[in-house]
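What follows is the residue order along each chain.
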Amino acid sequence: MIRNFSIKSALRNARTNSVLSLAKLFGISISYAVILFAATYVYYETSFDKCITDYNKIYRCVMQGELDGNKIDFAVTSAEMADAVLNEAPEIAEAVRIIFRGNGLMYYNDQTIEAGDLAFADPNFFDFFGFPIQKSLQNTFESENHIAIAKSVALQHFGSVEDALNKVVLLRRKNCVITGVFDDLPINFHLQTKIIQSIDEINPEQDGWGSQNYFTYIKTNVADVDINALSFKLTKTVHTHSGEGIVDAANAKSWDDLRYSYNSFMFFNAEPLTDIHFSKHRFDAAVTASETYVYGAIILALLILLISSFNFINLNIANLTTRFSEIGIRKSIGAGNNQIAYQFIIESLLFWIIGFILGLLFYKFGKTQLLQYLGLTINITDKAFVVLLLAVFSSLFIFNLASNMIPILIFSKKHTLGLIKNETTRKGKFSIKDSFLILQFVLSALIILSSLFVQKQINFMVNKDRGYDTQNVIMLYMWNMKISTRKTFIERIKTHTAIQSVSSSDVYFGDDPSMNGAWFETREDENYFHTTVLPIDDEFFNTFNIKLKEGKVFDKEKQSDFETALLNETAVREYRKSGSLIGKRLFVGDNTYNIIGIVKDFNFRSLYHQVQPLVITQIDNSGNVFIKIRNNQIAEALEIIREERKNLNLTKPLYYEFHNEHLANQYLKDQQAKKLLFILSLLSILIACVGLYAISFFTIIKRTKEIGIRKVNGAKITEVMAMLTKDFAIWVVSAFVIAAPIAYFTMNKWLQNFAFKTELSWWVFALAGLIALGIALLTVSWQTLRAARRNPVEALRYE
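Here the structure is a predicted model, which is why all the values come from computation and not from measurement.

Enquirer: Would you mind going over unusual backbone geometry with me for this structure?
Expert: Glycine aside, residues mostly have negative phi angles, and peptide bonds mostly take the trans form. Of note in this structure, Asn-166 is not a glycine but carries a positive phi near 70°. Relative to the helices and strands, Asn-166 resides in the loop between helix H6 (161-164) and strand E10 (168-171). Although it is not a glycine, Asn-472 adopts a positive phi angle of roughly 60°. With respect to the helices and strands, the residue Asn-472 is situated in the loop between helix H13 (432-463) and strand E15 (473-477). Residue class for Asn-472 comes out buried when judged on its relative accessible area of 16%.

Enquirer: What exactly am I supposed to notice about the nonpolar core here?
Expert: Taken as a class, soluble globular proteins show a tendency for nonpolar side chains to be buried jointly. By size, the foremost hydrophobic cluster in this structure holds 96 residues, and its most contacted members are Tyr-41, Leu-396, Phe-441, Leu-680 and Leu-692. Taken together, the elements giving at least two residues each to this core come down to helix H2 (18-46), helix H8 (291-321), helix H10 (337-374), helix H11 (382-412), H13, helix H19 (668-702), helix H21 (717-751) and helix H22 (762-788). When neighbours within four sequence positions are excluded, Leu-692 is seen to be in contact with Leu-437, Phe-441, Phe-728, Trp-731, Ala-776, Thr-779 and Val-780. Of all hydrophobic cores here, the second largest spans 71 residues; its members include Phe-129, Phe-158, Val-161 and Cys-176.

Enquirer: Any chance you could explain the packing of aromatic side chains here in plain terms?
Expert: Geometrically, a pair of aromatic rings is defined through the distance of the ring centres and the angle of the planes. One pass over the full model with this rule turns up 39 aromatic pairs. Measuring from centroid to centroid gives 5.3 Å for Phe-232 and Trp-255, while their planes differ by 85°, and the two rings are edge-to-face. Placement of the pair is Phe-232 in helix H7 (residues 227-241) and Trp-255 in the loop between H7 and strand E14 (265-272), with a sequence separation of 23 residues. Members of the aromatic cluster, connected to one another through ring pairs, are Phe-125, Phe-126, Phe-128, Phe-129, Phe-131, Phe-141, Phe-182, Phe-189 and Tyr-217. The ring of Phe-128 is capped by Lys-219, whose NZ or CZ atom sits 5.0 Å from the centre of that ring.

Enquirer: Sorry, what's going on with H7 here?
Expert: Structurally, the α-helix is built with 3.6 residues per turn, so residues lying three or four positions apart point the same way. Taking 1.5 Å of rise per residue, the 15 residues of H7 would be expected to cover 21 Å, and the 21 Å separating its terminal C-alpha atoms lies within 8% of that figure. Leu-230, Ser-231, Phe-232, Leu-234, Thr-235, Thr-237, Val-238 and His-239 are the residues of H7 that are buried. In the core, the buried residues of H7 are packed alongside strand E1 (58-67), helix H3 (81-88), strand E4 (92-103), strand E13 (212-220) and E14. The N-terminus of H7 is capped by Asp-226, whose side-chain oxygen sits 3.1 Å from the backbone nitrogen of Asn-228.

Enquirer: How should I be thinking about the side chain of His-146 in this particular structure?
Expert: Tracing the backbone shows His-146 in strand E9 (residues 146-150). By relative accessible area, His-146 is classed as buried at 10%. Look past the residues within four positions of His-146 in its chain and what remains in contact with it is Leu-137, Thr-140, Phe-141, Val-177, Thr-179, Ile-196, Gln-197 and Ser-198.

Enquirer: Looking at this structure, I do not really get the environment of Glu-719. What am I missing?
Expert: By the secondary structure assignment, Glu-719 is in helix H21. Taking the C-alpha atoms as reference, Glu-719 lies 8.6 Å from Ala-788; in sequence the two are 69 residues apart.

Enquirer: Sorry if this is basic, but what is going on with the packing of helix H14 (residues 483-494) against helix H17 (residues 634-647) here?
Expert: Relative orientation and spacing of two packed helices are given, respectively, by the angle between their axes and the distance between those axes. Put simply, H14 and H17 touch, their axes get as near as 10 Å, and they point 135° apart. Between H14 and H17, the angle is such that the two are oblique. For H14 against H17, the interelement crossing comes out right-handed. Facing Phe-489, Arg-492 and Ile-493 of H14, the residues of H17 in contact are Ile-640, Ile-641, Glu-644, Arg-645 and Asn-647. Along the lines of polarity and charge, the residues of the contact of H14 with H17 split into four nonpolar, one polar and three charged.

Enquirer: Sorry, what's going on with the pairing of strand E20 (residues 564-568) here?
Expert: Regular strands show a simple pattern: their side chains alternate between the two faces of the sheet. Among the five residues in E20, five count as buried, and that is most of the element. Covered by surrounding structure in E20 are Thr-564, Leu-566 and Asn-568 together with Ala-565 and Leu-567, the residues of both alternating faces. Bridge count for E20 against strand E22 (residues 591-599) is five bridges, and the pairing is parallel. Among the inter-strand pairings, Leu-566 is bridged to a residue of E22, identified as Gly-597.

Enquirer: How do you make sense of the pattern of salt bridges when you look at a structure like this?
Expert: Between side chains of opposite charge, a pair can form when the charged atoms approach closely. Applying the stated criterion across every chain yields a total of 13 salt bridges. Between Glu-201 and Lys-174 there is a salt bridge, with its nearest N and O atoms 3.0 Å apart. Of the two residues, Glu-201 is situated in the loop between strand E12 (195-198) and E13 and Lys-174 in strand E11 (residues 174-182); the sequence distance between them amounts to 27 residues. Under the relative-accessibility criterion, Glu-201 is labelled partly exposed at 21%.

Enquirer: Would you explain the side chain of Asn-603 in this entry?
Expert: Secondary-structure assignment places Asn-603 in the loop between E22 and strand E23 (614-618). Apart from the residues within four sequence positions on either side, Asn-603 is in contact with Lys-464, Asp-465, Arg-466, Tyr-468, His-609, Val-611 and Phe-756.

Enquirer: I keep staring at H17 and nothing clicks. Help me out?
Expert: The terminal C-alpha atoms of H17 lie 20 Å apart, and with 14 residues this matches the ideal 20 Å at 1.5 Å per residue to within 8%. Three or more residues of H17 are buried, namely Ala-637, Leu-638, Ile-640, Ile-641, Glu-644 and Arg-645. Along the long axis of H17, the arc covered by the buried residues comes to 155°, so they all point the same way. For H17, exposure combined with an orientation more than 90 degrees from the buried face picks out Ala-635 and Lys-646.

Rules and cut-offs
Residues numbered from 1 in each chain as written. Predicted model: local features only at pLDDT ≥ 70, side-chain atom pairs only at ≥ 80, totals over all residues. Heavy atoms only, no water. Helix = DSSP H or I, 4+ residues; strand = E, 2+ residues; numbered from the N terminus. Buried < 20%, exposed > 50% of the residue type's maximum accessible area, 1.4 Å probe, protein only. Core = buried A, V, L, I, M, F, W, Y, C linked by side-chain atoms within 4.5 Å. Contact = heavy atoms within 4.5 Å. Phe/Tyr/Trp six-rings, centres within 6.5 Å; stacked < 30°, edge-to-face > 60°. Lys NZ or Arg CZ within 6 Å of the ring centre and 35° of its normal. Expected span 1.5 Å × (residues − 1). Polar contact = N/O pair within 3.5 Å; in protein donor to acceptor, adjacent residues only side chain to side chain. Axes fitted to C-alpha atoms, helices over the stretch in contact; angles between N-to-C directions. Parallel < 35°, antiparallel > 145°, perpendicular 65-115°, else oblique. Left-handed = near helix turned anticlockwise from the far one by under 90°. Nonpolar A, V, L, I, M, F, W, Y, C, P; charged D, E, K, R; others polar. Pairing = 2+ DSSP bridges. Salt bridge = Lys/Arg side-chain N within 4 Å of Asp/Glu carboxyl O. Arc of directions from axis to C-beta.

In structure tokens, the structure reads:
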């Protein structure tokens, strides 16, 4: 009976105070939807590679160290490492090598089959990771031209798995046989490809120990081994077999024995499979994410929860202050403190349950659109979602029950006479209600400031001068075209006035170039440095307007220039001797070059990284083609490209990308963070303002008689409005003063992730403060104007 009365009373009160009720439901339902979204996102991101059966036995080998003050952190190792460690370390049961190289475009009859990035792997790849595969041969990769494709590709282009097997397709100008069809790799596996070819096709043995381009994975006999001991054995094995002779690796007993010197060392560490997704190595083909953003999602969701909780508590307090008489009357006829508390707890829980249901509906109907807007992927099973839902429900239930108990218990214990007389106990300048409002706006200001600084940093990176011209360059992938046809196409394109220049490179410019060891003058340790290598043709400098500092650029008419190289300024600083490098010899891997020029530094990698040493070599007519368009004649240039392809009877689809868009994609995760923060900024300020509106509504009602008296005594409308809005303005300003230093510290830490960063400008803080203050004042202005213009006679008759 008491329970029925409590529910009926709660519903009656909700109808009576509809403004407060709607404000409560809006805040908690939005916050619960955000919590659900954040929980599924965090679960998905932290589930990577746990789909692999033996994930706790698998490790990736990475190169980490320091060479003459330069930090080394590479996801790649040499081709020889896998066999060496497998033979030397009895705790290692199996090893596999993988390398990504080029695009997996295939041609079958008149079909063009796009399979994404092309991977080359050892024959045991599928068994190693436990991926199911249907194959036509006992060994999928018995020959170098054998390939395996994903089941989705087989069904789309061949109709069935069986019909796809043994088909001959054209891949990279070679006929290849489909000898295997594997289940599509799990979406939460760190490597993604739909086509894998035998690693024998690229002849890894010829690379030896000197070239680090392969992803090497090892599987131990038992799970969760001592990673430090395993890494030591890996490092010792590599230094023993690589033939460097710099350290006595065979007799090494400690890590110090494997150092070249105090500040020069190269270690080969074992990285657990489940750590790869959050790693930050160079030359990594893995699908990675930033732990910063995962933790950020948790923090932001909690901030939204706190904002809505403070809002809910504040509105509850406002509601309770209007019900003093009701509480007093109930206590005077025998209701105890526990019964009063029970009544208000039931009301809070009723709101909470309805809010959770609304939040679940918001999540279900808004998730797809939100994911599309953010460019995110969240893929979890129904079972996992139910578990998450129960966990979130239970956690929020306990949190809300605990957070609402304090004001309920305080008001339920008030004396009966004081309640009937509607007496308040406010003694200081700020009440509990004021404090919660300030906390709401502190959290909202933090989110707004974070959003503005993230947007400022991303705009800075996208628009920063990289040291070369990034605009109006179309990048074409033309590796599957015959060399002679590609040459003819390039020559024809050059004749059009809309085209300024055409060049090519072995590297899809904007991606990481290959890395190699290099030596100045002689192959001695003191002349060694690590560098990236960028093979280009002689037109590349004109296409991207790369500035020459000293010497000359390539001339393809001189055959001898194909044995020359240019360095960037950072590479020159690796030279420890005095004098110019022009004319000196340079050894890169097994190749020898004469240095003919120095170019000014330019950012050939993302702005997360400082400019690093770069060696530029000359090639001719490569498969990555770059077309510089004159005077923004983009539409005309694209039509020219299509016409010239048509003239050469090139019927295969045209794949192109603008260089500046490709660079912008390097900051995809940051763009997602910017969008997410923008949405959360809107939600946080909206929740806070809905609460502020409701609070101002009840504050003005309580001060109706005071307003009437002031107007009778001659107060103007503007004076009444100023009186009513003064407290709200003080709350917002106080909140901003508290939030500003916290935001400065937090964003300063976040900016440390970037080698090139924007400034934490004062005007951003001022803008955020004005936005928060302006929105708050606009929220209460309608209520205050309405109250100020009210007939004072009506106001004095109130109550």
